[in-house]
Every structure is written in structure tokens, then in C-alpha cells.
Amino acid sequence: MPVQKPLVVVTRRLPDPIETRMMELFRARLNLDDTPMSQAQLIEAVKEAEVLVPTVTDRINSAVLSQAGPQLRLIASFGTGVDHIDLKTARQRGITVTNTPGVLTEDTADMTMALILSVSRRLTEGERLVRSGGWGGWSPTAMLGHRIWGKRLGIVGMGRIGSAVARRAKGFGLSVHYHNRRRVHEDVEAELEATYWESLDQMLARVDIISVNCPHTPATYHLLSARRLKLLQHHAIVVNTSRGEVIDENALTRLLAAGEVAGAGLDVFEHEPAVNPKLLKLDNVVLLPHLGSATIEGRMAMGEKVIINIKTFADGHTPPDRVLEAMF
């Protein structure tokens, strides 16, 4: 007698080939109109699902998990970050959590470099000028930005993505500095010609560009606090492709408006999808709608990892991308 396929509830629309494969392998319930689920809808989903496939914008907190039925054994998240899931409550209820690490590393690192260049060379300001009809032709002093070659880049979080950023930065002639919970292996430091700072405060005060590449955890909430942001040199720029909550967004906005920080490139925001209205008015900020992993190749690879995690779990084995609280 064939084993019944697990009921898999997917909270958002995924690439067509991924959804098709899920329909073949599982009893998949898809979100065809891609409307984000409300908390009430998420609660209804966890009451029925054997596997929940949420994304980084779904808040799978204790209020949701406390309503989960006993059949919910796996949360196979579509994304790398797991700050949207209450891992402690999931563990207490015997629910395994997986994510999709590694597959968006290169895409996010590319976006980080794109933002560094965009802010330093005022690319979006120039693009707006041309579109508005306000460009009167080339001028020796018009739209002057800053060269990045020879500048110091400070990477906050030297994991997969931070290391990928460092490799790109080296190619652009940037001097690589980093702060991390643990110092990376000396061979990696040598390869990247990277300087380690045990003190984040000391690094922030000495670099020209800050790239935030650490995950959002209770320990990293407002890691770049108002006090730390004031340590930055006035010509410094801040780039964030990680999570908005790592930076005190209100404090950063005030410093940008006052010219105490030269610029910022933000792909993520503290209260996504809401953006501080004052940020929208600043010309020295590049604002993107969370595009870090938004490539066709990246999304497909994420979906394939989700499928592998579900299939492995359904077959009675430990999924390859199981998340443990100690990892974050």
C-alpha cells in the first residue's frame, strides 16, 4: 500500500518549476495569487499542514506555533534567514526547521558591490537627473562621487556572504577589514588580505565603507546603534543587504540628513515593507526592495533545497539544512 504524500502548505508563490515538482512529490497547497497570509491564515495553515513552507516575510511566532496541530513536523523555510521563526517554540513542540543556505551567497554579494558602487558614484541620482530632463550635458564638476579603489571596507559578519563580498572587494582594490563573532581561519584571512577587528567600535571609526552581512538575531538587533553609527567618519557610507533590524534605522536617517554619514545603500529595512518616509527624501541614499537574492537562478536553487529538505524528512532522515538554535 503506497505511503500517503505529506500535506505541504506553501505561503507564497514560488517559481513555476518548483511548484510543479512540489505538486508531483507532495500534496501541495499553493498560494496562486501570491497574497501574503495573515496571522489568522497562518494559524489555519499550521492546524492542517504536515509541512509548512514559509518565506522570510511570514512571522511564524509563538502565537502561530502554539496553534499548530500535532501533524506539523517540519517548517521548510524558503530563505536563509530564520529570524522570522520562533526556533525555541518550534523545538519545544518537536518541529524541525530547515532553511536554504549557500545558494544566495553570490547574488547577495553582487548586490552588496552594486550598492557600494551606486552610492559612491551617485548612480541613481544621475539616472534620476537624466530621466527628469534636468541634465544639461557633461561638466567637469557635475555629479562628483568618490573613487572606491584604495578605500577601506569594513565587513560586519564574515560568514559565507561576507567572505564573498570580501573576494569581490579585493578585486575592486578595496582594503578588507572585518568584525565577526569568531576570527576566520588564518588561511582565509591571508587569501583575502583581511584585517580582523575584535572591537566593532574600533573598526567602524577607521573604515570608509561599512557592509552589513551578519544575520539578524537577538544579539545583533541594532548592532549598529545610534552610538556606534556616530563613530563613523563623515565621509563613510553604509550598505545593508542583510536585515534591516541590524541597524537603528531612525538614527541612521538622522545622521544621513545631517551629513554626519555621507551615504547609504539599503536593500532591507527595519520595518519592511514600510520605509522611513524621511529616507525617501534623501538623495544620498539608494533604496532597493529587498532584491539581494532576486535572481532566477537563486530562486530556483532555493526551491530545490526546500524540496530536498522535505523529501529527506519525509523519508525518515535528517534534512541536510536543519536549523539549530545554537547556529544563530
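Report follows, based on the coordinates. (Residues numbered from 1 in each chain as written. Predicted model: local features only at pLDDT ≥ 70, side-chain atom pairs only at ≥ 80, totals over all residues. Heavy atoms only, no water.)

1. With respect to the layout of surface pockets
For step 1, the next point in the chain: Put simply, the second largest pocket is a space of about 300 Å³.
For step 2, the next point in the chain: Considering the residues around the second largest pocket, the lining is formed by 23 residues, among which Val119, Ser120, His146, Ile237 and Ala262 are closest to the centre.
For step 3, the next point in the chain: Mapped onto the lining of the second largest pocket, the elements with two or more residues apiece are helix 5 (105-120), helix 6 (123-132) and strand 12 (285-287). (1 Å grid on protein atoms, 1.4 Å probe; cavity = no way out; pocket = protein on both sides within 12 Å on 5 of 7 lines; lining within 4 Å. Points joined across faces, edges and corners; volume = space filled by probe spheres on them. Helix = DSSP H or I, 4+ residues; strand = E, 2+ residues; numbered from the N terminus.)

2. Points about the pairing of strand 10 (residues 237-240)
For step 1, the next point in the chain: Side-chain alternation along strand 10 places Ile237 and Val239 on one buried face and Val238 and Asn240 on a second face that is also buried.
For step 2, the next point in the chain: Summarising the sheet, strand 9 (residues 209-212) and strand 10 pair through 4 bridges and their orientation is parallel. Bridging from a neighbouring strand, Ile210 pairs with Val238 of strand 10.
For step 3, the next point in the chain: In this sheet, strand 11 (residues 263-266) lies alongside strand 10 in parallel orientation, the contact comprising 4 bridges. Note on strand 11: the bridge partner recorded for Ile237 is Gly263.
For step 4, the next point in the chain: In this view, the connection linking strand 10 to its parallel neighbour strand 11 by way of helix 11 (residues 249-258) has right-handed handedness. (Buried < 20%, exposed > 50% of the residue type's maximum accessible area, 1.4 Å probe, protein only. Pairing = 2+ DSSP bridges. Right-handed = clockwise from strand over helix to strand, strands pointing away.)

3. What to know about the environment of Glu198
For step 1, the next point in the chain: Looking at the secondary structure, you find Glu198 in the loop between strand 8 (195-196) and helix 9 (200-204).
For step 2, the next point in the chain: Exposure remark for Glu198: the relative accessible area of 67% places this residue in the exposed category.
For step 3, the next point in the chain: For the pair Glu198 and Leu123, spaced 75 residues apart in sequence, the C-alpha separation works out to 34 Å.

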